[in-house]
Amino acid sequence: MNFLENIFRRLGADPARPVLAEARDGKLLSATAGKVLAHVRAARGFLRSAGLKKGDRCALLANNSICWTALDLALMAEGVIVVPLYARQAPAELVGMMKDSGASLVLCGDAALREAVAREWPQAPRQCLFDEVFTAPPIHEDDPLPRTDGDPVTIIYTSGTSGEPKGVILNTANLNHMVPCTVGRLDQLMGPRPVADRIFHYLPFCFAGSWILMLTALSRHSVLTLSTDLTKLADEMKLAAPDYFLNVPALLERVRRGIEEQVAKRGGFALKLFGRGKQAWFERAMRRPGSFTQDDGILGFFWLKLAQASVFPAIRKKIGPNLKALICGSAPLAVETQLFFMMLGIPVLQVYGLTETTAICTLDDPHRVEPGWVGPAIPGIEMKLGEHDEILVRGPNIFPGYWNRPTETAKVLRDGWFYTGDQGETNASGNWRIIGRIKNLIIPASGHNIAPEPIEEELARKIPGAQQVVLVGNERSYLAALVTGAVERRQAEQAIEQVNAGLPHYKQVRRFTVIGEPFTIEGGLLTANGKLKRDAIAARYAGEIAAMYQKEA
């Protein structure tokens, strides 16, 4: 039984069981397994009437919803290759990916998206709204069409940080391996229980890790609640009351800052208790994680225990009273932020992977979390370090290749290993740490190889108001930085001095420029999943960068 057959079997076994929900206008709109299957039957009827057959490509352009999930299941059941796209991405980029995939049908969540595509691509193939799909006469069967291990399931486009996005093909075998791995890890986290897991979800399904969570939720006893308005994330989260949910580091950093700001505004004894308890926690956690005894100092022990009995539980309750864990991926998470949530009694489980590895290479063991590391390799795959400490991976999770790009495929798939382009390290416990991207390495005139990401992330945390920090300095005599956001120059100088104090001379930042407007996806300087387009940033701000090196010339 493959991953998809298992999902359909579970949906059909208990039609009355709630499996999905949407947070809308302060209410939860739920869908049972039977309702989802009814949507799938109608969608499969539409796809057959539209003439789609196994191996055809269909673009799915919409925000997360119950209908999105049903359409995805229907397309997979019919053997159609799903091309999920990000609704916020620029129309020209979306059209480029549709053309590249050879999509013969475009399914849009709303009229505005359809019109944007039509304006950019007058010769586009047939475009239909979700409403048209689900009013079609349904088929009268639930079993998916047979598929082999090598059959493509989806083409997910990479973020395109340094060039044109590439379509990553993921096949049945990739999913057959990955979904049981994620199911097993969540079983380990939650343990045996008679009630369904409650999961809150806000990350777009067009991203591989987000999609894998959806498939995993449908493969377990779960209710997956979908966010429909990112401006109301906190309220939606309270409605969902989740046991866990998937995050990106930026959100956890924002939540942490928000908590600290609220406590500071409150002031008084609560602020003193929070500050002293936090200080005691961090001092002990950084020295001996998990070891908090009176031997470490009576006063620190007192403040910590007092905070753990009062202020920390109150904060945790506001974040989510039922939270068993937060799951975090897509980029390295600051160890201070991971420890902050652990201090509140909420473990943060890290995940590392790429679209090409079916989203995942490593998963934290819920019972052996090591702050600052992203866990061990998932069962059944191998990982090792190559030249420049590049992470190499092989196993059944590795994609078969890029869509219509044999040359690009050959560059990253060599001798059975996938060359991730990520620089990392591993420790005696088998846990991995991600340092940065090989292609992002800055090589100044001194000849040192410098990974910019750790320095950028620390500066962004320490500079008040900073939204992004980008280091430059290839073939230059020193590093410089572009800092975006409402930043006061003196505060930036102080933060940079503080960070520089802990760095060797060749990694220290000597100049910086403040750019008021943050980089955005719409502005073409961030990828669809929020990563820096470094080449585009360097071109856009070439003048500002040159000015930081005038004295060098």
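Owing to the predicted nature of the structure, the values given are computational and were not obtained by experimental measurement.

1. Side note on the overall build of the protein chain
And then number 1: Looking only at helices and strands, the protein chain has 19 helices and 23 strands in total.
And then number 2: Taken over C-alpha atoms, the radius of gyration comes to 24 Å for the protein chain, in line with the 24 Å a tight globule of 553 residues would show.
And then number 3: Structurally, the protein chain occupies a C-alpha span of about 70 × 60 × 45 Å along its principal axes.
And then number 4: In the protein chain, which comprises 553 residues, the share counted as buried stands at 54%.
And then number 5: About 23900 Å² of surface is accessible on the protein chain, with carbon and sulfur atoms providing 53% of the total.
And then number 6: Counting 63 positive and 58 negative side-chain charges, the protein chain places the averaged centre of each group 5 Å from the other.

2. Topic: the layout of surface pockets
And then number 1: Taken as a whole, the second largest pocket encloses approximately 950 Å³ of empty space.
And then number 2: Together, 35 residues line the second largest pocket, and A334, E336, P454, E458 and R461 are the ones closest to its centre.
And then number 3: Of all the elements in the fold, those that place two or more residues in the lining of the second largest pocket are α10 (249-266), α14 (335-343), β19 (417-426), β20 (432-437), α16 (452-462) and α17 (489-500).
And then number 4: A per-element tally of the lining of the second largest pocket places α16 first, with seven residues.
And then number 5: Its residues placed into classes, the lining of the second largest pocket shows 14 nonpolar, six polar and 15 charged.

3. A closer look at the packing of helix α12 (residues 298-309) against helix α13 (residues 311-319)
And then number 1: Relative orientation of the contacting elements α12 and α13 amounts to 35°, with a least axis distance of 3 Å. Residue-level contacts link L304, A307, Q308 and A309 of α12 to V311, F312 and P313 of α13.
And then number 2: The class makeup of the residues in the contact of α12 with α13 is six nonpolar, one polar and no charged.

4. Considerations on the side chain of T358
And then number 1: Within the fold, T358 resides in the loop between β13 (348-352) and β14 (362-363).
And then number 2: Owing to a relative accessible area of 0%, T358 belongs among the buried residues under this scheme.
And then number 3: A polar contact of 2.6 Å, which involves the side chain of T358, links it to the backbone oxygen of N397.
And then number 4: Among residues more than four places away in sequence, those in contact with T358 are L170, N174, L175, M178, I212 and N397.

5. Description of the sheet that holds β13
And then number 1: One open sheet holds the eight strands; their spatial order is β2-β1-β10-β9-β11-β12-β13-β14, and the pairing between them is mixed. In the strand order of this sheet, the two ends are held by β2 (27-32) and β14, each with one partner.
And then number 2: When β13 meets β14, the two strands line up antiparallel, connected through two bridges. Bridge pairing in β14 links Y352 to T362.
And then number 3: Seen against the sheet, helix α2 (residues 33-49) touches β1 (18-24) and β2 and runs at an angle of roughly 70° to β2.
And then number 4: Taken strand by strand, helix α7 (residues 172-190) contacts β9 (197-201), β11 (244-247), β12 (325-328), β13 and β14, and its axis lies near 130° from that of β11.

6. A word on the environment of E458
And then number 1: With respect to the helices and strands, the residue E458 is situated in helix α16.
And then number 2: Separated by 41 residues in the primary sequence, E458 and V499 have C-alpha atoms spaced 7.4 Å apart.

7. Thoughts on the packing of helix α1 (residues 3-13) against helix α3 (residues 66-77)
And then number 1: For the pair α1 and α3, interaxial distance at closest approach is 11 Å and the crossing angle is 125°. Regarding the angle of α1 to α3, the classification is oblique. Where α1 crosses over α3, the two elements pack in a sense that is left-handed. Facing α1, whose interface residues are F3, L4, I7, F8 and L11, α3 presents L73, M76 and A77.
And then number 2: Class assignment of the residues belonging to the contact of α1 with α3 gives a composition of eight nonpolar, no polar and no charged.

Calculation criteria
- Residues numbered from 1 in each chain as written.
- Predicted model: local features only at pLDDT ≥ 70, side-chain atom pairs only at ≥ 80, totals over all residues.
- Heavy atoms only, no water.
- Helix = DSSP H or I, 4+ residues; strand = E, 2+ residues; numbered from the N terminus.
- Rg over C-alpha atoms; globule rule 2.2 N^0.38 Å.
- Buried < 20%, exposed > 50% of the residue type's maximum accessible area, 1.4 Å probe, protein only.
- Areas by Shrake-Rupley, 256 points an atom, 1.4 Å probe, with all protein chains shown as cover.
- Lys, Arg positive; Asp, Glu negative; His and termini not counted.
- Charge placed at Lys NZ, Arg CZ, Asp CG, Glu CD.
- 1 Å grid on protein atoms, 1.4 Å probe; cavity = no way out; pocket = protein on both sides within 12 Å on 5 of 7 lines; lining within 4 Å.
- Points joined across faces, edges and corners; volume = space filled by probe spheres on them.
- Nonpolar A, V, L, I, M, F, W, Y, C, P; charged D, E, K, R; others polar.
- Axes fitted to C-alpha atoms, helices over the stretch in contact; angles between N-to-C directions.
- Contact = heavy atoms within 4.5 Å.
- Polar contact = N/O pair within 3.5 Å; in protein donor to acceptor, adjacent residues only side chain to side chain.
- Pairing = 2+ DSSP bridges.
- Parallel < 35°, antiparallel > 145°, perpendicular 65-115°, else oblique.
- Left-handed = near helix turned anticlockwise from the far one by under 90°.

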